[in-house]
Amino acid sequence: MNPLLQQIQHGGVIGAGGAGFPTYVKLDCQVEMVLANGAECEPLLYKDQVLMQRWAKELCGGMLIAMKQVGAARGVIGIKKKNADTIACLQAHLPAGIELLLMEDVYPAGDEVELVYQATGKRIPSGGLPKEIGVMVNNVESFINVFRAAQGVPVTETMITVHGEVRNPYTAWLPIGLSYREAIELAGGMTCSDFIVVEGGPMMGSVTDNLEQPITKVSSGLLVLPRTSRIAKIKTRSEQDLRRIGKSSCDQCSQCTSMCPRNLLGYPVQPHMAMRSLQVSGANNLSYALAAQACCECNLCTMWSCPEGLDPSRVCATTKRALRDEQKLLSPAQLQAKTKDVHPLRDYRGVPTKRLVRRLELADYALTKAEYRECELKVSHLEIPLSQHIGRPAIATVKVGDSVKKGQMIGQPAPDALSVAVHASLDGVVTAVGEKVVIECQPV
Ligand code: SF4
Ligand code: SF4
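Source: prediction; values computed, not measured.

Across the interface, helix H3 (residues 47-54) lies against helix H5 (residues 84-91) with an axial gap of 8 Å and an inter-helix angle of 35 degrees. Note on packing geometry: the crossing formed by H3 with H5 is left-handed. Where H3 abuts H5, its residues Gln49, Met52 and Gln53 lie against Asp85, Thr86, Cys89 and Leu90. Residues of the contact of H3 with H5, tallied by class, amount to three nonpolar, three polar and one charged.

This is the structure in structure tokens:
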């Protein structure tokens, strides 16, 4: 591994936009284009806008480092046209070789496959990676973290939006390991008593009951919503109800498939077939179930398309898991063979975010932008997971009773494995070491 990639691994940089794939591995390729994903299409989240407005120099610096590493002559930042103020900030810092891709305000413009198609006119092969068509994609926050790691500054904080039923929605850098409860308290607390908390955005985020769990490097948002809200009802429906209602109420109208962004790009995803798999068994079940494999779980079919209020997205997700467990997934080549041309009506079937926000019943919340704030933190306790990334957990390098400083490595990458380092987010004393390193801090 070259010294830069080692710095990025030891700096703990991972994909901040979702799964947490280690960035040092992503950067170990040769491609023509480096693509920064600043599309931010989850309603209410504002973190990527803040990053591009206030850390544009570091973003472009991180992209230039990445471009040099992968041999790319071209850097592109994908951003929605509607974000004129952010575009102006970026334009003031754009170096030679980096340009903006201005995108329509539709969901899910920020899906990696959609973004790559818009930037290049090429589709990532089904089941394949962007590098196979000469592109390396990362979230804007990851490029900022690459820039910092190259200066010897590790990842100790993450930019996050807290919104919904809270007094003062905000976007801020928060230390990794801070509890969800404290992050919500920083928003002035909740404004409803019977609530759910969504980790991430309203479309793809998942519901949690555990407010003591820590913010990690992949945290992007915390949304407090009433338990009676449409989103809460859909996201908290039990697996049993999901299957029962799906079996009895799906009339196979195919609306979910007609509007599926992956299907419109020609990928072999047909959520109505996955729904049909609920109703049959044996070989038919398998052929229907395989229509779920290339689903990206964008949730559009559930939150927007289905007129019956069903949850084809979750059916696709559970079907994929079952196929994986039973080792029945198609190979990338088999998936690719099923890929068709881009649908001629694709350009007319984008779902405008404004209308999506209304459908999600989030319009009132959307009136308040979660502006950036420098939080006054009085943190006494951090729980920092040694596994925040895809791959093997970091190996603890501290023990109970050790004093640690902000930025100090507390977990080193597991040897000879996909793994990155983990660092203390604040000064303190280690009080437990297990799957997480617990640090009691001097309030700052
Ligand atoms: S849109 Fe709803 S009712 Fe129609 S096929 Fe899809 S899941 Fe079934
Ligand atoms: S979640 Fe639904 S709309 Fe999104 S890719 Fe999967 S099947 Fe298509």
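After presenting the structure, the write-up continues.
Residues tyrosine 107 and proline 108 are joined by a peptide bond in cis, for which omega reads 0 degrees. Take proline 108: it is sitting in the loop between strand S4 (106-107) and helix H6 (112-120). Phi angles above zero are rare outside glycine, and glutamate 40 is one such case at about 40 degrees. Mapping glutamate 40 onto the fold places it in the loop between strand S1 (33-37) and H3. Judged by C-beta crowding, with 28 C-beta atoms within 10 Å, glutamate 40 ranks as buried. Its identity is not glycine, yet aspartate 416 carries a phi of approximately 50 degrees, on the positive side. With respect to the helices and strands, the residue aspartate 416 is situated in the loop between strand S15 (409-412) and strand S16 (422-423).

A separate point is the environment of alanine 19. Examined against the element boundaries, alanine 19 turns out to sit in the loop between helix H1 (3-10) and helix H2 (23-26). Residue alanine 19 is classed as exposed on the basis of its C-beta count, with 9 C-beta atoms lying within 10 Å.

With that out of the way, let us pick up the site of ligand 1. Around ligand 1, a shell composed of 15 residues is seen, among which Cys250, Cys253, Cys256, His272 and Cys306 lie nearest. Counting residues per element, the ones that place at least two in the shell around ligand 1 are helix H11 (255-259) and helix H13 (271-276). When grouped by side-chain class, the residues that make up the shell around ligand 1 number eight nonpolar, five polar and two charged.

The sheet contact formed by strand S13 (residues 395-396) and S15 spans two bridges and is antiparallel. Across the sheet, residue isoleucine 395 finds its bridge partner in S15, namely glutamine 412. Direction of pairing for S15 relative to S16: antiparallel, over a ladder of two bridges. Looking at S16, one finds that glycine 411 is bridged to valine 422.

In this section: the domain arrangement of the chain. Split into domains, the chain comes out as domain 1 (3-150), domain 2 (160-228 + 362-366), domain 3 (239-359) and domain 4 (381-441). Each of domain 1 and domain 2 was reduced to a C-alpha centroid, and the two centroids are 25 Å apart. Between domain 1 and domain 2, the residue contacts involve twelve residues of the former and 16 residues of the latter. Looking at the side of domain 1 that touches domain 2 residue by residue, the classes come out as eight nonpolar, two polar and two charged.

Moving on, we get to the nonpolar core. If you look at the biggest cluster of nonpolar residues, it comprises 127 residues, and the most contacted ones within it are Leu35, Leu59, Ala66, Met136, Val162 and Ala183. Top element by residues in this core is helix H4 (residues 56-70). It accounts for nine residues.

The next thing to look at is the sheet that holds strand S17 (residues 428-433). With antiparallel pairing, the four strands of this open sheet are ordered in space as S12-S18-S17-S14. Edge strands, defined here as strands with exactly one partner in the open sheet, are strand S12 (381-385) and strand S14 (403-404). Pairing between S12 and strand S18 (residues 436-441): five bridges, direction antiparallel. If you follow glutamate 383 over to S18, its bridge partner there is valine 438.

This part is about the packing of H4 against helix H7 (residues 140-150). One can describe the packing of H4 onto H7 by two numbers: an axis separation of 7 Å at closest approach and a directional angle of 75 degrees. Put simply, H4 runs roughly perpendicular to H7. Contacts between H4 and H7 involve Glu58, Leu59, Gly61, Gly62, Met63, Ile65 and Ala66 from the first element and Val140, Phe143, Ile144, Val146, Phe147, Arg148 and Ala150 from the second. For the contact of H4 with H7, a count of residues per class yields ten nonpolar, two polar and two charged.

Within a beta sheet, neighbouring strands are joined by backbone hydrogen bonds and run either parallel or antiparallel to one another. Within the open sheet, the five strands sit side by side as S7-S6-S10-S8-S9. Their pairing is mixed. The open sheet terminates on both sides in strands that have one partner only, identified here as strand S7 (170-175) and strand S9 (206-208). Adjacent strand axes in the sheet meet at a mean angle of 30 degrees, parallel and antiparallel pairs treated alike. On top of the sheet, H3 reaches strand S6 (157-164) and S7; it is set at about 130 degrees to S6, its chief contact.

Let us look at the site of ligand 2. Near ligand 2, the surroundings consist of 15 residues, among which Cys260, Cys295, Cys298, Cys301 and Ser313 are the closest. Sorting the residues of the shell around ligand 2 by element identifies helix H12 (261-264), helix H15 (300-305) and helix H16 (312-325) as the ones contributing at least two each. Its residues assigned to classes, the shell around ligand 2 shows eleven nonpolar, two polar and two charged.

Strand S8 (residues 195-199) sits mainly inside the fold: four of its five residues count as buried. With five bridges joining them, S8 and strand S10 (residues 221-226) adopt antiparallel strand pairing. Paired with valine 197 across the strands is valine 224, a residue of S10. Two strands pair when backbone bridges link them, and S8 and S9 are joined in this way by three bridges, in the antiparallel orientation. The residue of S9 that forms the bridge with valine 198 is valine 207. In this structure, the hairpin formed by S8 and S9 is closed by a connection of six residues, where glycine 200 is found at a positive phi of approximately 100 degrees.

Rules and cut-offs
Residues numbered from 1 in each chain as written. Chains lettered and ligands numbered in written order. Predicted model: local features only at pLDDT ≥ 70, side-chain atom pairs only at ≥ 80, totals over all residues. Axes fitted to C-alpha atoms, helices over the stretch in contact; angles between N-to-C directions. Helix = DSSP H or I, 4+ residues; strand = E, 2+ residues; numbered from the N terminus. Left-handed = near helix turned anticlockwise from the far one by under 90°. Contact = placed C-beta atoms within 7 Å. Nonpolar A, V, L, I, M, F, W, Y, C, P; charged D, E, K, R; others polar. Buried ≥ 20, exposed ≤ 12 C-beta atoms within 10 Å, placed from the backbone. Near = placed C-beta within 6 Å. Pairing = 2+ DSSP bridges. Domains from an automatic or database assignment. Core = buried A, V, L, I, M, F, W, Y, C linked by C-beta atoms within 7 Å. Parallel < 35°, antiparallel > 145°, perpendicular 65-115°, else oblique.

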